[in-house]
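Chain residues, written in single-letter form:
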Amino acid sequence: MTPERWARLKVAFHEAAELPPTARGRLLETLRSADPDLHAELERLLAAHDAADDRFEGRGEAAVAALRSELQAAVEGLRIGPYQVVSELGRGGMGAVYLAERTDGGFQQRVAVKLLKRGMDTEEIVRRFVAERQSLAGLAHPNIARLLDGGQTADGRPYFVLEAVAGQPVTQWADARRLGVDERLRLFLPIADAVQFAHRNLVVHRDLKPANVLVDETGTPKLLDFGIAKLLDAPAGATRLTRHEAAPLTPDYASPEQFSGAPVTTATDVFGLGVLLHELVVGATPAAAERELGSGWGRRSASAIAQALAGRGRVDPRRARRLAGDLDTILGKALAPEPERRYGTAAELAEDVLRHLERRPVRARRPTLVYRVSRLVRRNKLAAGLALAVVAFAVTATVAAVGFARQRDRAEAESRRAEAQSRRLTAVKDFQVGLFKVADPGKNRGESVSARALLEAAGRSLLTPAEVTAGPAWLPDSLGRLSSDPEVRADLLQAIGETFSNLGVPDESERAFRAALALREDFEGPDAELDIAATLVPLGRLARERGDFAEAERLLRRSLQLRRNVLGGLAPVLGESLGELGLVARQRGDGPRAEAFFRRALAVERGGDDAGAERRAGVLINLANGLGENGSLDEAAALLGQAAEIHRKLYGENHPRAAEDWAALGGLEFRRGAFDRAAAHFERTIALRRRILGADHPDLALALSSLAAIELKRGRPEVAETSAREALAILSRMPEPPLPDLADIRVNLAEAAARRGADPVEVSSLVREALAASRTAYPSNDANIAMLLGNFAIVLRDQGNLDQAERLLRQSLELRRRTFGPDSAELGAGWNALATVLVRGARLAEAETAFRQALAIRRAALPATHPDLSSSLVGLGELLVDRGRPAEALPLLGEALTIRRSAYPAGHVRIGFAERALGTATFALGRKSEAAEHWRRALEILTAALGSEDPAVVALAAKLAP
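Here is a short report on the structure shown in this document. (Residues numbered from 1 in each chain as written. Predicted model: local features only at pLDDT ≥ 70, side-chain atom pairs only at ≥ 80, totals over all residues. Heavy atoms only, no water.)

## Considering the overall build of the protein chain
Of regular secondary structure, the protein chain possesses 44 helices and eleven strands. Among the 962 residues that make up the protein chain, the fraction classed as buried is 52%. Taking the intrachain contacts of the protein chain between residues at least 6 apart in sequence as the baseline, contacts between residues at least 24 apart amount to 60%. (Helix = DSSP H or I, 4+ residues; strand = E, 2+ residues; numbered from the N terminus. Buried < 20%, exposed > 50% of the residue type's maximum accessible area, 1.4 Å probe, protein only. Contact = heavy atoms within 4.5 Å.)

Structure, rendered in structure tokens:
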């Protein structure tokens, strides 16, 4: 289809769509005789428009009211699983989207439920609806709304549940904040990345428009509504509507092939992205411009349309001027009527947008001499005079002379940059050579100089250059020269800060980083902004580690913005800032937000060079840890394996990174309940850290603390106490020990002491010390206090102090509800712990209520196979048996056993306890032979795990005695 014919078709469509049926029929009859081909194309387009069922557009208030009544009636009083419909969010041809909330279990969770409308549940439409659900299930991307649930209603209509994105359409969000062109382009980049991700997963969206791209409160765009998505690997016709033989579309955003019924490919989404970008930067789609400005305007350049709209007061004139040139070319290529003339992929379109932002030549334009020189001028404003001279010379000289001048100027610029870089590297090398000379007895006068003493003295000298002459005689002479060069001083202070951080000396590390930042704030230019960002990241990390989350997020968000400003939204180094923001979110207890940050970091961090590979490995570990906490253990294990492989290639087996890998694997095995394997991993971590980091490093203390927690699960409190006391001693020798880590260690120490039968006064003292340290470290962090209170309550419960345990758990519950929210897994864990305390106090009715609360929350917040879910199922099931209701208990205990068999290795003690509980329930129902089978399997497992003298084993053996 030619551009002219496509434009004529769009005009005819908009005219016909607004006519009543009789007038539309007359128009079609006239067109049939004048242009039969155009008549056929227009009929197909109108059929698609009717199939989309947008009857609320231009059909009168009565039609709107009737349709609203129809849809509301379809869901009035409807309860879909645990969700109750609250209000309508939107509607389309096949279904409506509703805001719904979870109402079971005494808590709330707001979601978006998409439900197929009554009357639309034909075989083909149901197939399309299910295809949408399938396409969403495979799209885990930070800029695509997550699929949470799905199923069928009682009357057979399919539905699925999505995260409820609280945001505005992308164009409204940008307009409300009066974003400039560059900011709008950066907002577009993650949208294009999400589309490219969908294409890699063989899904074409086919309906890209602002209503389907919402921007949330964090500024993150989310792609919604795969309602007419096409699965590229689906069988022919599997997602094709039979009604009118046309697929639904949104005319202002549809590609020519959608209008004509030609095959839909990824090029269709490239066109859709082009229309979206056009509206975002121009202020209107080409079709809207055609309607507002007159025939033929839809085919004009973006800058011409923007200037015309600016003349009507609709667009900022400065924005209109910014569109001329590269953006006109980019949009022209994306919006080409022929698919083969467009960008080959969404990623190629995004790359050209990024190149434009970085003032580099875009691939959509021919690389002429004048064009490339103009890009050079815009990129390097310091050399603008030279570049302009080159352009002026081009007007009067030969092409060869212009080329010579251009090469000369580039060589001079590169020479200046190389000279500056060489100067900085030479200065750093001189300083490093000076460090080696400190070992010379003639230099140090026989004084033993430690690495820390050298770093402290060098840091002071760089902070206060006057101290160079007054400092120790063994300081490198080169420091005097360095003090006069701010850039080199900043480089060295950054290196010293990183070294102090690796040595576990946070106060000296922060001092060096802040001094480097103060120097770099005085520099200008893109390179200076990247240097500032590189210093903000470790400062943000230090703030996070001391519990100042607000400051950490401020520093890290600034680093992210600086890097985006210079490099664009897809630069790999953004992964470092995003990963650190994920750690802040995780320590704040916001697991979903943390996972989103980590996945965004992985999306940009491709790991090309060694530094990039190291950053990618770090993000993989952090994401794996979060997934492990949420029960996605298989995916977590795969990610940890990828990270370990990266580290092996970079560093070999005897490096601190290898110890981190072993620790991460140990943590995963701990969550699986494979405590022996977890202990083996941490023992290897401890041995490696002792050898490489020394006996006083905080990382060694953290590994020892983790081992203590594992040994408690293994039933070896004496070993756990030894590890915890060594960890406590290491941190106590630090000038500024991390109080949260101290608190965790004291929790382990208190539990170990309680389990070995220590004096309750000693245990209570340890509990009070840990709480005091945590409240000092995190005065505003209720999340940490909530978890500590829960841990302490378990210690007190096991000591038999039920009243104090219940008091602490109720405090913990309130903090968890306020901090994590009413539908969090952490709140479910708190209810479960409280239920166990109530059971021990023989308050069975209250315990049943608490177990049911825990179970409802955990079912909503955790995967169906998560082992934590099984603990609530077993607890409630055993309680129901005790209360004389074994029939109710049986399905709960059967589900728990299934979960534990899949989550834990064969022979795990928790499988044994589930077998024992199921045997007790079946015995109570009179099924004695079945009960005996469960008990025999339980006895075999528990004897191997706990020993034949354990009271639980003795009691179970008695049940099986003849």
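Next comes the rest of the description.
## Description of the packing of helix α24 (residues 526-545) against helix α25 (residues 549-567)
At a minimum axis distance of 8 Å, the contact between α24 and α25 shows a crossing angle of 160 degrees. In terms of orientation, α24 lies roughly antiparallel with respect to α25. At the point where α24 passes α25, the crossing takes the left-handed sense. On α25, the residues that touch Pro526, Glu529, Leu530, Ile532, Ala533, Ala534, Leu536, Val537, Leu539, Gly540, Ala543 and Arg544 of α24 are Phe549, Glu551, Ala552, Leu555, Leu556, Arg558, Ser559, Leu562, Arg563, Asn565, Val566 and Leu567. Within the contact of α24 with α25, the residues separate by chemical class into 16 nonpolar, three polar and five charged. (Axes fitted to C-alpha atoms, helices over the stretch in contact; angles between N-to-C directions. Parallel < 35°, antiparallel > 145°, perpendicular 65-115°, else oblique. Left-handed = near helix turned anticlockwise from the far one by under 90°. Nonpolar A, V, L, I, M, F, W, Y, C, P; charged D, E, K, R; others polar.)

## What to know about unusual backbone geometry
Not every positive phi belongs to a glycine, and arginine 178 is a case in point at roughly 50 degrees. Along the polypeptide, arginine 178 turns up in the loop between α6 (170-176) and α7 (181-200). Although it is not a glycine, alanine 842 adopts a positive phi angle of roughly 65 degrees. Position of alanine 842 among the secondary structure elements: in the loop between α38 (825-840) and α39 (844-861). Taking the relative accessible area as the measure of exposure, alanine 842 reaches 61% and is therefore exposed.

## Overview of the pattern of salt bridges
The full count for this structure, using the stated rule, is 39 salt bridges. Among the salt bridges present, the one from glutamate 930 reaches arginine 927, with a minimum N-O distance of 3.0 Å. For glutamate 930, a relative accessible area of 30% translates into the label partly exposed. Each of Glu848, Arg852, Arg883, Arg885 and Glu888 takes part in one network of salt bridges that share partners. (Salt bridge = Lys/Arg side-chain N within 4 Å of Asp/Glu carboxyl O.)

## Description of helix α31 (residues 675-693)
Helix length check: α31 (19 residues) gives 26 Å between terminal C-alpha atoms against 27 Å at 1.5 Å per residue, within 8%. Listed in full, the buried residues belonging to α31 are Phe675, Ala678, Ala679, His681, Phe682, Thr685, Ile686, Leu688 and Arg689. The inward-facing, buried residues of α31 contact α30 (656-672) and α32 (698-713). In the segment just after α31, glycine 694 is the residue with positive phi, at about 95 degrees. (Expected span 1.5 Å × (residues − 1).)

## Some details on the nonpolar core
Core analysis: the biggest nonpolar cluster contains 84 residues, and Val763, Phe792, Trp831, Leu873 and Leu893 have the highest contact counts within it. Residues in contact with valine 763, not counting those within four places in the same chain, are Ala750, Ala753, Ala754, Ala758, Val795 and Gln799. Grouped together as the second largest cluster of nonpolar side chains are 53 residues, Trp173, Ala284, Leu293 and Tyr343 included. (Core = buried A, V, L, I, M, F, W, Y, C linked by side-chain atoms within 4.5 Å.)

## Quick look at helix α37 (residues 802-820)
For α37, spanning 19 residues, the distance from its first C-alpha to its last is 25 Å, which sits close to the expected 27 Å at 1.5 Å a residue. When α37 is considered as a whole, its buried residues turn out to be Ala805, Glu806, Leu808, Leu809, Ser812, Leu813, Leu815, Arg816 and Phe820. Just past α37, the residue glycine 821 takes up positive phi, approximately 105 degrees.

## Some points on the sheet that holds strand β10 (residues 221-223)
Two strands in a sheet stick together by hydrogen bonds in their backbones, pointing the same way (parallel) or opposite ways (antiparallel). Ordered in space as β7-β9-β10, the three strands form an open sheet in which the pairing is antiparallel. This sheet does not close on itself; its edge strands, each paired only once, are β7 (167-169) and β10. Taken pair by pair, the neighbouring strands of this sheet meet at an average axis angle of 35 degrees, ignoring direction. Pairing analysis gives three bridges linking β7 to strand β9 (residues 213-216), with the strands arranged antiparallel. Paired with glycine 167 across the strands is aspartate 216, a residue of β9. (Pairing = 2+ DSSP bridges.)

## Considerations on the environment of leucine 946
Looking at where leucine 946 falls in the secondary structure, it is placed in helix α43 (residues 928-946). Taking the C-alpha atoms as reference points, leucine 946 and glycine 715, separated by 231 residues in sequence, lie 8.5 Å from one another. Among all residues touching leucine 946, those that are not within four sequence positions of it are Val909, Phe913 and Val953.

## Topic: the packing of aromatic side chains
Overall, the coordinates contain two aromatic pairs when judged by the stated rule. Relative to tryptophan 935, the ring of phenylalanine 923 has its centre 5.3 Å away and its plane inclined at 35 degrees; by these criteria the two rings are tilted. One end of the pair, phenylalanine 923, is in helix α42 (residues 909-924); the other, tryptophan 935, is in helix α43, and twelve residues separate them in sequence. Above the ring of tyrosine 343, the side-chain terminus of lysine 333 is found at 5.4 Å from the ring centroid. (Phe/Tyr/Trp six-rings, centres within 6.5 Å; stacked < 30°, edge-to-face > 60°. Lys NZ or Arg CZ within 6 Å of the ring centre and 35° of its normal.)

## With respect to the packing of α30 against α31
As a packed pair, α30 and α31 sit with axes 8 Å apart at the nearest point and diverge in direction by 160 degrees. In this view, α30 runs roughly antiparallel relative to α31, as classed from their interaxial angle. Considering the relative orientation of α30 and α31, their crossing is left-handed. The segment α30 lies against α31, with Pro656, Ala658, Ala659, Glu660, Trp662, Ala663, Leu665, Gly666, Gly667, Glu669 and Phe670 engaging Phe675, Arg677, Ala678, His681, Phe682, Arg684, Thr685, Leu688, Arg689, Ile692 and Leu693. A class-by-class count of the residues in the contact of α30 with α31 yields 13 nonpolar, four polar and five charged.

## A few points about the side chain of glutamate 915
Looking at the secondary structure, you find glutamate 915 in helix α42. For glutamate 915, a relative accessible area of 2% translates into the label buried. A polar side-chain atom of glutamate 915 sits 2.8 Å from a polar atom in the side chain of histidine 934. For glutamate 915, the residues in contact, after removing those within four places along its chain, are Leu897, Arg901, His934, Arg937 and Ala938. (Polar contact = N/O pair within 3.5 Å; in protein donor to acceptor, adjacent residues only side chain to side chain.)

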